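Survey of secondary and tertiary structure
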Amino acid sequence: MRDLRIVDFLAELAARVPAPGSGATAALHAAQAAALLGMVARYTTGDRYAAHAETVAAVTDETDVLRADALRLAEQDATAFTAVTDAYRLPQGEERDATLARALAGAAEPPARVVEAAVRLVELCEVLLPVANRNLVTDVAAAADAARAALTTARINVEVNLGGIEDERLREELTARLSGVDAAVSAADGIAARVREEITR
């Protein structure tokens, strides 16, 4: 997936094939959020921003890691969902049920990790916004919105798999990993609102 041109990825996304789908899209939302924040951080350097150099450098480094991680999660999501569709094709019986339960558990993991990455990306938006180059604050808002899309899309991709996971402890663990989504969505909305207020003064 990482080597596809955008036009080819979108053609695959639109095709009648199991993957990539919304799970991979959630991960790419997170990757775009990370990339936007990295760009803003790289424009927030030099003497004018010297007082915030350590913070900006930390944001740059972490968003680069999150961007690479999110791209890997997009690929992992596509692979995991293909395992689910393969399991559905097996003959009815206990072996199919067990295989499907394992596949659904596996399919829930990449979007759960996307949620965690996106929560962190919203936090990094909040860190960067007060010190960012003011010419690029709209890009911080765009990053927050992209992270918001990652959060809500990834959450529903975890939730859709929960019903088929037989391990109650795993279901509870996955549900707990979603517990911060609403707060992070609210924070992302707040970032966008603050930017809109700033640019319309």
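Above this text is the structure in question.
A brief structural summary.

A full pass over the atoms with the stated rule returns 13 salt bridges. Here Arg89 and Asp86 are joined by a salt bridge, their closest N and O atoms 2.9 Å apart. According to the relative accessible area criterion, Asp86 is partly exposed, its value standing at 40%. Here Arg177 makes a salt bridge to Glu173, at a shortest N to O gap of 3.8 Å. Highlighted residues: Arg177 and Glu173, both in helix α6 (residues 168-177), separated by four residues, approximately one helical turn. Taking the relative accessible area as the measure of exposure, Arg177 reaches 18% and is therefore buried. Given a relative accessible area of 42%, Glu173 falls into the partly exposed group.

Once that is clear, we can look at the nonpolar core. Core analysis: the largest hydrophobic core is formed by 62 residues, its most contacted members being Leu37, Val114, Leu121, Leu128, Val140 and Leu151. For this core, the elements supplying multiple residues, two or more each, are α2 (22-42), α3 (53-88), α4 (94-128), α5 (137-162) and α7 (181-199). A per-element tally of this core places α4 first, with 15 residues. Among residues more than four places away in sequence, those in contact with Val140 are Leu37, Val40, Cys125, Leu129, Ala132 and Ile191.

Reading the values: rules and limits
- Residues numbered from 1 in each chain as written.
- Predicted model: local features only at pLDDT ≥ 70, side-chain atom pairs only at ≥ 80, totals over all residues.
- Heavy atoms only, no water.
- Salt bridge = Lys/Arg side-chain N within 4 Å of Asp/Glu carboxyl O.
- Buried < 20%, exposed > 50% of the residue type's maximum accessible area, 1.4 Å probe, protein only.
- Helix = DSSP H or I, 4+ residues; strand = E, 2+ residues; numbered from the N terminus.
- Core = buried A, V, L, I, M, F, W, Y, C linked by side-chain atoms within 4.5 Å.
- Contact = heavy atoms within 4.5 Å.

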